[in-house]
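Chain by chain, the residues:
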Amino acid sequence: MIPTEDNRFDVDVSLGTTIVLGTLAKKVTTWNFINVPTETGRLLTAKLMLIGSPTSTYGDNFVVDGVVENGGQIKWLNRTSPVASDGIDILSFMLVRGDSGFVQVLGQGQTKFQ
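Residues numbered from 1 in each chain as written. Predicted model: local features only at pLDDT ≥ 70, side-chain atom pairs only at ≥ 80, totals over all residues. Heavy atoms only, no water.

Participant: Even after reading the chapter, I still don't get the environment of Gly16, so can you show me in this structure?
Facilitator: Checked against the element boundaries, Gly16 lands in the loop between β1 (8-12) and β2 (18-23). Taking the relative accessible area as the measure of exposure, Gly16 reaches 27% and is therefore partly exposed. For the pair Gly16 and Lys47, spaced 31 residues apart in sequence, the C-alpha separation works out to 8.9 Å. (Helix = DSSP H or I, 4+ residues; strand = E, 2+ residues; numbered from the N terminus. Buried < 20%, exposed > 50% of the residue type's maximum accessible area, 1.4 Å probe, protein only.)

Here is the structure:
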């Protein structure tokens, strides 16, 4: 799995809660979460394990099944996206579908495991 030409990265949440992806050598500007359940009042987590590179970045934008939701901005822990490293990076996303159906994405990263 690599980002598309427009730097969108598809995350298929139907694959499970932890997805090991391998090396990421491109910038990601938008995370596209696909196959997200539509039930309201639900929390879903997805963890990605990546090997970053000096050319990769982790963007702030998200879409759910191709649709911009709730402003489309990830709410990162401490209000800043993690910096990609040349080691193993673990990104955690919590997708919260509220009672009215909108989705928020909360994110955090732990980087540079060696």
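Participant: In this structure, what is going on with the sheet that holds strand β7 (residues 88-97)? I would like to understand it.
Facilitator: Hydrogen bonding along the main chain pairs the strands of a sheet, whether they run parallel or antiparallel. If you trace the five strands from one edge of the open sheet to the other, you get β2-β4-β7-β8-β6, paired in mixed fashion. With one partner strand each, in any of the chains shown, β2 and β6 (75-76) form the two edges of the open sheet. As judged from the two bridges shared by β6 and strand β8 (residues 103-113), these two strands associate in the parallel manner. When the sheet's bridge partners are listed, Lys75 is paired in β8 with Leu106. (Pairing = 2+ DSSP bridges.)

Participant: Just checking my understanding: could you explain a nonpolar patch on the surface for this structure?
Facilitator: A cluster of nonpolar side chains, Val20, Met49, Ile51, Ile88 and Phe113, forms an exposed patch at the surface whose accessible area comes to about 400 Å². Summarising the element assignment, Phe113 is placed in strand β8. Using a relative accessible area of 38% as the deciding quantity, one classes Phe113 as partly exposed. (Patch = residues over 30% accessible without salt bridge, like charges linked within 9 Å, V, L, I, M, F, W, Y side chains within 5 Å. Areas by Shrake-Rupley, 256 points an atom, 1.4 Å probe, with all protein chains shown as cover. Salt bridge = Lys/Arg side-chain N within 4 Å of Asp/Glu carboxyl O.)

Participant: Would you take a moment to explain the pairing of β7 for this structure?
Facilitator: A regular strand places its side chains so that they alternate between the two faces of the sheet. Note: strand β4 (residues 42-51) against β7, 10 bridges, orientation antiparallel. Of the residues in β7, the one forming a bridge with Thr45 is Met94. Inspection of the sheet shows β7 paired to β8 by nine bridges, in the antiparallel sense. Paired with Met94 across the two strands is Leu106, which belongs to β8. Hairpin connection from β7 to β8: five residues lie between these consecutive antiparallel strands, with Gly101 at a positive phi of about 100°.

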